[in-house]
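Listed below are the residues making up each chain.
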Amino acid sequence: MTITPIADRADLSPDYRGRNDRAAEPTLLPWAWAEQRLAAATNYWVSTSGPDGRPHPRPLWGLWHESAFLFTVLRSTRTARNLTSNPQATVHLESAREVVILDGSVSEVPPDRLEAFLGAWLEKYAGEGASAGAADATVDRVIYRLQPRQAHGWTLTAFPADITRWRFPTP
């Protein structure tokens, strides 16, 4: 299932000029641009919020699959404990030159969807040393699915002219 969000111009102070002060004609990035980067990335920064409200960012492997971001952690980690008490997260790609940021709600992937996840996971990360251990029943892992509520993207070369916000329909 592919979801196409609605693109608009993100809120930005009119006084903000960005990297260069030449007035550039605003343009919106296409969602396909963001999806290509989400699918191609190897490492993602996932940020959750701790019980005290402090941010908790961590670099993780993940997948962009069926209009959602999937990732796995041990159930005993701070990330998993944070998501149990507050199932909201932000995902940011590593690049500061081609930025894609997702905000959304996180839920556990149901057992009947694990096989599809594992196949895609092993295909993507085989060269990185991934193994079927990600689905080892003796390891208390949880696989999460972040359903984006909104996303932001821009490029360093055109910022702030191309800063784009994508809003996803609520399911």
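Scroll up to find the structure.
Let us look at the structure shown here. As the structure is a prediction and not an experimental result, all values here were calculated from the model.

1. Concerning the overall build of the protein chain
- Counting secondary structure elements, the protein chain contains 3 helices and 8 strands.
- In sequence order, the protein chain lays out its α and β elements as β-α-β-β-β-α-β-β-α-β-β.
- Residues counted as buried form 38% of the 171 residues belonging to the protein chain.
- Accessible surface for the protein chain amounts to roughly 9,600 Å². Of this, 54% is attributable to carbon and sulfur atoms.

2. Observations concerning the pattern of salt bridges
- Per the counting criterion, the structure on display carries 7 salt bridges.
- One salt bridge in this structure joins D52 and R54, with 2.9 Å as the shortest N-O distance. Taken individually, D52 and R54 each receive the classification exposed, so the pair is uniform in this respect.
- Among the salt bridges present, the one from R113 reaches E66, with a minimum N-O distance of 2.8 Å. With R113 in the loop between β6 (98-108) and α3 (114-125) and E66 in the loop between β3 (55-65) and β4 (68-74), this pair connects stretches of sequence that are 47 residues apart.

Rules behind the numbers
- Residues numbered from 1 in each chain as written.
- Predicted model: local features only at pLDDT ≥ 70, side-chain atom pairs only at ≥ 80, totals over all residues.
- Heavy atoms only, no water.
- Helix = DSSP H or I, 4+ residues; strand = E, 2+ residues; numbered from the N terminus.
- Buried < 20%, exposed > 50% of the residue type's maximum accessible area, 1.4 Å probe, protein only.
- Areas by Shrake-Rupley, 256 points an atom, 1.4 Å probe, with all protein chains shown as cover.
- Salt bridge = Lys/Arg side-chain N within 4 Å of Asp/Glu carboxyl O.

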